[in-house]
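If you want the building blocks of each chain, they are given just below.
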Amino acid sequence: MRTRNVKGKLFKAVLIFVGVILLLVLAVVLFLKLWPAFGGRASEEDRKNYVARAENYYDGKFYNDGDFQIVRETDRTDENIISTKGTKPERELPVKTPSYDQELLEDEVCVTWFGHSSMLLQMHGMNILMDPVFSERSSPVFFVGNKRFSHPPVSAEDLPSIDLLILSHDHYDHLDYNVIKEIDAKVKHYIVPLGVENHLERWGVEENKIQNMAWWEETSVNGLTIGCTPARHYSGRSLDDQFATLWASWVFQDEHHKVFESGDSGYGEQYKKIHDKYGDFDFVLTDCAQYDVNWPEVHMFPEEAVQAVQILGAKTAMPIHWGTFALANHGWDDSVERFVLAGENAGLQVVTPQIGETMNLNYPENYMERWWRNIS
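Attention here is on the structure that accompanies the text. Note that the coordinates shown come from a computational prediction; the quantities given were computed from them, not determined experimentally. (Residues numbered from 1 in each chain as written. Predicted model: local features only at pLDDT ≥ 70, side-chain atom pairs only at ≥ 80, totals over all residues. Heavy atoms only, no water.)

## Quick word on the side chain of Arg-237
In this fold, Arg-237 is placed in the loop between strand 12 (224–229) and strand 13 (249–253). Notably, Arg-237 is buried but unbridged: the nearest opposite-charge side chain belongs to Asp-170, and the N-O separation is 5.7 Å. The residues contacting Arg-237, other than those within four sequence positions of it, are Ala-37, Phe-38, Asp-170, His-171, Tyr-172, Leu-175, Tyr-177, His-199 and Trp-203. (Helix = DSSP H or I, 4+ residues; strand = E, 2+ residues; numbered from the N terminus. Buried < 20%, exposed > 50% of the residue type's maximum accessible area, 1.4 Å probe, protein only. Lys, Arg positive; Asp, Glu negative; His and termini not counted. Salt bridge = Lys/Arg side-chain N within 4 Å of Asp/Glu carboxyl O. Contact = heavy atoms within 4.5 Å.)

## Digging into the layout of surface pockets
In this model, the largest pocket occupies a volume close to 500 Å³. Contributing to the lining of the largest pocket are 24 residues, with His-171, Asp-173, Tyr-234, Gly-236 and Gln-242 lying nearest its centre. For the lining of the largest pocket, a count of residues per class yields 10 nonpolar, 10 polar and four charged. In this model, the second largest pocket occupies a volume close to 260 Å³. Together, 17 residues line the second largest pocket, and Ser-135, Ser-139, Pro-140, Val-141 and Asn-178 are the ones closest to its centre. (1 Å grid on protein atoms, 1.4 Å probe; cavity = no way out; pocket = protein on both sides within 12 Å on 5 of 7 lines; lining within 4 Å. Points joined across faces, edges and corners; volume = space filled by probe spheres on them. Nonpolar A, V, L, I, M, F, W, Y, C, P; charged D, E, K, R; others polar.)

## A closer look at the environment of Asp-334
Here Asp-334 is to be found in helix 7 (residues 334–345). Of the residues examined, Asp-334 reaches a relative accessible area of 0% and is grouped as buried. Along the sequence, Asp-334 and Gln-270 sit 64 residues apart, while their C-alpha atoms lie 25 Å from each other. At 2.9 Å, the side chain of Asp-334 and the side chain of Arg-338 are in polar contact. (Polar contact = N/O pair within 3.5 Å; in protein donor to acceptor, adjacent residues only side chain to side chain.)

These values are about where atoms sit, not about what they do.
Structural data, given as structure tokens:
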């Protein structure tokens, strides 16, 4: 009788344990499905459209050119490390108040860097906002995830009217659900890589405001040519959607200037192909951080980023994708120090405006202060 009672209690305990596990699994599934920050998914009609427009889309996924792995295990070490600082600064980084409300001449280009890859490009008389991320964390939720080094220099409500909002891909450090919800009323038009439109539409952005693009497609807005060009990276916002949306770099060209923005990218043949199509650029904004020897194809090392600038034929370059989040195990200023060193050795003008500072491309020599060097 006693043995039967013990077996009964054990059976009940097992049932309770299994029930708890099933409830947890159900909660996770519902969270992933219902939490809006995870974004939307492509329909069957969308997928057919992607196949017709993108050579690198098949089997329901986008692919990089050639062999690509997100992580490659290696015993190699990075022998070019310069910084002895930690992955995060010991105090908040200083930020400046932007001056993007100034009236510009027709041939002037200004960039206001908000940290990481978030910036306002003012060109051809338009305000072009790129990869705006102003949330405290790079995460689908507010209580976990990579925390920014300092408060952003502006809030979404401080921004001017936005003619174009450009996104490079859908990772959380580039596509901020909260910012899109806050700023949508100010945005006239979105231009995004294929698939990213589904996130925006789920978040309430009107379909007629969004234009999606495949690699090598171009569009013209008020005489400004915008080209969607390759990058070497990947995408995903959930557990099962890696490579479901496209990632890209961007070309902006008018009668006065050609500007290139790299998005997130590893080094590759895409830069020669882009130069073959567009010729020399005046100015390049390039990913140069969050690198690691175990993911060399996902982000460029700073020296590779300088090589990319040289291939693109630019004389002036600005390092981005640093100064805001610690997404790799290198000193928080290692990327910019190495980019400046390699860039100056290559004869480039390397501009390094402070976070929040509005830089006028006509006067690059005014934005070459290495302001981070006095910060631990």
